[in-house]
Amino acid sequence: MLWEVDIYPAEGQPDAAASKIISEAQELALAEGLKVWAARGYLIEGNLDRADIQRLARELLVDPVVERGVLGEVGETTLAEPPQGAGVLVHVLPKPGVMDPVAQSAVAAIGDFNLQAQTVRTLRKYWFDDLPGDKLRALCTKVLANEAIDEVIVGPLDFDQLKIGSPYQFEPL
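Residues numbered from 1 in each chain as written. Predicted model: local features only at pLDDT ≥ 70, side-chain atom pairs only at ≥ 80, totals over all residues. Heavy atoms only, no water.

**A closer look at the pairing of strand S5 (residues 119-129)**
Then comes step 1: The buried fraction of S5 amounts to ten of the eleven residues, a majority that puts the element mostly inside the structure.
Then comes step 2: As judged from the eleven bridges shared by strand S2 (residues 35-45) and S5, these two strands associate in the antiparallel manner. Bridged to Gly41 within S5 is Leu123.
Then comes step 3: Of the strand pairs in this sheet, strand S4 (residues 88-94) and S5 are connected by five bridges, and their pairing is antiparallel. Along S5, the bridge assignment pairs Val88 with Phe128. (Buried < 20%, exposed > 50% of the residue type's maximum accessible area, 1.4 Å probe, protein only. Helix = DSSP H or I, 4+ residues; strand = E, 2+ residues; numbered from the N terminus. Pairing = 2+ DSSP bridges.)

**Focus on the pairing of strand S1 (residues 2-9)**
Then comes step 1: With respect to burial, S1 is a largely interior element, seven of its eight residues being buried.
Then comes step 2: Across six bridges, the pairing between S1 and S2 is antiparallel. In the strand pairing of S2, Asp6 is matched with Gly41.
Then comes step 3: As paired elements, S1 and strand S3 (residues 67-73) share seven bridges and run antiparallel to each other. Bridge pairing links Trp3 to Glu73 in S3.

Structure below.
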């Protein structure tokens, strides 16, 4: 089973990630009056049920004082619902095979709960309001992601298992 846990600022808390994106976009003259909402999260693959994921979100991943969590199976509509009616959804994930130390720590911590996750990947989510396609592409490549290590997915996630890369096989010349 593949689960997604999204972590948003709690009601009344500042959205620091969104503010950073707005500031960087303004510095690059990419979008004047840009509206952004941001979240970070985890994709967790394993033999875990909804109660397990709720427990992990509540006790490990989400700080309820300053954060709010939304969870579900990848593909559930609640995970793609825009905050405040924002339009375009963009996911940014490390490419398969790229080191993801936060995800590796999460796998170990999930084990401390006597649960087993096969794979974990971190993610960042952004919603943009009223952003033309050319500006979105520029924003993705210049602000949101590093093309060498990040994968950008516009729209909801559409996969049922995580790719984590493969071992490198050295081949002498």
